[in-house]
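Take a look at the letters that make up each chain.
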Amino acid sequence: MGKQSRKRQKTSKEDNIQPLGSSTLVDDTNKDDEERRLESMLFGVPYVPFEKSKGKRRGDDPGLVVISDVEDGAAERHLKELENMLDSDLFFIDDSAGSSSIGAPALDEGLNESDSGDDVAVEEEPLPHEQETLGDTPTAEPGEETSLGNTLRPSTRKAPAWVDPDDTNIQVSLTSHTRLRKLRDAPAEDTVGGREYERRLRRQYEQINPTPEWASQARHKLHPKRRRSTSGSGLEEELEVEVEDVIPDLLASTGGISGGRKPKTLTPGIISVDRLRDANQAAPSEGEIKSLQFHPSPQIPVLLIASTDRRLRLFHIDGLTNPHAQTLHIPSLPLTNAMFHPSGSSILLTGPRPFYYTYDLQSGTSHRSPRGLWGTTFGANQDSSMDTCAFNPTGDVLAVAGRRGHIHLVDWRSGASQVVAGLKANAGIRSLWWSRGGQGPSELLSLTEDSQVYVWDVGQRKCVKRWQDEGGFGSRIVGGDQRGDHLAIGSNTGLVNVYSADSTVSLGASKPKPLKTLGNLTTNISCLSFNHDAQLLAMASNVKKDQMRLIHLPSLTAFGNWPTTSTPLGHVTAMDFSSGSEYVVIGNNRGRVLLYQLRDYGQQ
């Protein structure tokens, strides 16, 4: 049997799914006014009352647009406009039940958003500060000039530095572009003035991007005062006062930002420390660090580093990159001591030589002193080293420790750097320190090899007091804080005696007693450093690795959480605090300068 021919199935064209609104309307005379108003709001057709359309044919009224399949120009353009829209763009569900304050303008505002082709955004209730702005600000009519101070900002803010006068003459049509229709308050509204247009743009932005919670909490903390305002519904709400703009005052002033901050009081036991990038990472030293010091001015974050490679390096400490500023190489002088002048204008460089160098920071020039402090010639009685020296608090006098107990006083104010007087102790000088207490001239304290402390009256050139350090064995270094409250003396055994500075320089016959003897270290003390407000004392020894402790001076106890066994200190050779104690630097024998930030001072 032959194969039967395969019958072809008849395929009928499927009816194309017509979008909503494309069906032919045979007659719209049965529509009442409410249905016509709803159709106008939903589809954008002009609203024509029932009385005006009665008795007229559909083609007689040129203002009425009927959606039909008739291929006339106006109907076809409007049909294509609706064919590209989805049903979800034509309708939405209003979940805000009972919101009578929004009413028809809010519905029209949401629908006009859908006309623009953008995503439909449900309008939220304005925030309290937005209600205050909308409620207190009158709506500007077209052509009416509105004060910028009443529409755009609260009365607590300052007047703007400049206002464009042409803003009041601008007229903007809200129906000219689909994206501007959402700014209308009524369907029939068209043109607004420039100030009103700016106000509505600001209102729309605040509705889309409300004020974050953290900003509201910060304003509440800064300005706890609140005022009461009555909303349109009759309910009273507490409204927050806007924060006054302080940036113009800050930019117009040359004073410090942290000048009025209260001093920070540290608590004993635990201190918050963050490690930062090494201070000299941009230009590492090739030898042991001999001296570290921050610039005495808080506005100049400069750190000097002197090392055994006979180089002085300056760094700008910012806590991030710490850029290298300059390097000064001195081949003829092995650097063992470098310090800023108390005025901050120059740097003094000394070592085991009978001369010194000064470096002027403003001009960038260095100057070498004459051969010896006494002129161009020197004899057998002259000293061959200037390792131990110290400036008085004003920078007028430089005290230099010589051999066999001699102390030379150099007049630094005249610029000639000549020795004007001398003092003599009974033993060799180990350390020098100028007292800061009192209104009169500062006293000079010298620590000798036999643990005797001499108190010198520089004006009278004589010793006014002498006393023995507690323990009396191997005292090496003496130092005090900038406020003149404490005096510390370190010994070869690792003990550090902390005295009250007033008791050490008073002319009484009694021997001063230490406030406490700190025994946290077991090897000879090589470094002592106080911070600016006399709350911290850093002491270290270069004999063993990681021999450093940080002391809380009000309680005279060591912090237990830092440094730890994992802190890479090495053999500590130098230390210093910044002028505001935000940073502490630690130098070691490997040429590294570790930089740490103290959170308690950095967050003031």
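Below or above, wherever it landed, is the structure these notes cover. (Residues numbered from 1 in each chain as written. Predicted model: local features only at pLDDT ≥ 70, side-chain atom pairs only at ≥ 80, totals over all residues. Heavy atoms only, no water.)

**A word on the overall build of the protein chain**
When helices and strands are counted, the protein chain shows 12 helices and 32 strands. Within the protein chain, the proportion of its 604 residues that are buried is 40%. Long-range contacts, defined here as pairs at least 24 residues apart, represent 47% of the contacts in the protein chain between residues at least 6 apart. About 34100 Å² of surface is accessible on the protein chain, with carbon and sulfur atoms providing 49% of the total. (Helix = DSSP H or I, 4+ residues; strand = E, 2+ residues; numbered from the N terminus. Buried < 20%, exposed > 50% of the residue type's maximum accessible area, 1.4 Å probe, protein only. Contact = heavy atoms within 4.5 Å. Areas by Shrake-Rupley, 256 points an atom, 1.4 Å probe, with all protein chains shown as cover.)

**Some thoughts on the sheet that holds strand β25 (residues 516-518)**
Here 4 strands make up an open sheet; going across it, the order is β22-β23-β24-β25 and the pairing antiparallel. Each edge of the open sheet carries a strand with a single partner, namely β22 (475-480) and β25. Averaged over all pairs of adjacent strands, the angle between strand axes in this sheet comes to 20°, irrespective of strand direction. Examined bridge by bridge, strand β23 (residues 486-491) and strand β24 (residues 496-500) share 5 bridges and lie antiparallel to one another. Within the sheet, the bridge partner assigned to leucine 487 lies in β24 and is tyrosine 499. (Pairing = 2+ DSSP bridges. Axes fitted to C-alpha atoms, helices over the stretch in contact; angles between N-to-C directions.)

**Points about the environment of threonine 517**
Secondary-structure assignment places threonine 517 in strand β25. C-alpha of threonine 517 to C-alpha of leucine 495: the two residues are 22 residues apart in sequence and 6.5 Å apart in space. Dropping the residues within four chain positions of it, threonine 517 is found in contact with Leu495, Val496 and Asn497. For threonine 517, the side chain forms a polar contact with the side chain of asparagine 497, separated by 2.8 Å. (Polar contact = N/O pair within 3.5 Å; in protein donor to acceptor, adjacent residues only side chain to side chain.)

**Remarks on the packing of aromatic side chains**
Working definition: an aromatic ring pair is given by the centre-to-centre distance plus the angle between the planes. Using the criterion set out here, one finds 6 aromatic pairs in the structure. Centre to centre, the rings of phenylalanine 391 and tryptophan 412 are 5.2 Å apart; their planes meet at 85°, and the pair counts as edge-to-face. Taken together, the residues span a long stretch of sequence, with phenylalanine 391 in strand β14 (residues 389-391) and tryptophan 412 in the loop between β16 (406-411) and β17 (418-424) at a distance of 21 residues. The same class applies to phenylalanine 391 and to tryptophan 412, which are both buried. Plain terms: the ring middles of tyrosine 454 and tryptophan 456 are 5.6 Å apart, the flat faces sit at 10° to each other, and that makes the pair stacked. Of the residues examined, tyrosine 454 reaches a relative accessible area of 4% and is grouped as buried. An aromatic cluster is defined as three or more aromatic residues linked by ring pairs; in this entry it consists of Tyr356, Phe391 and Trp412. (Phe/Tyr/Trp six-rings, centres within 6.5 Å; stacked < 30°, edge-to-face > 60°.)

**Looking at the environment of serine 346**
Relative to the assigned elements, serine 346 resides in strand β11 (residues 346-350). Linking serine 346 and glutamine 362, residues 16 residues apart in sequence, is a C-alpha distance of 8.0 Å. Discounting residues that sit within four places of it in the chain, serine 346 has contacts with Met339, Phe340, His341, Tyr359, Asp360 and Leu361.

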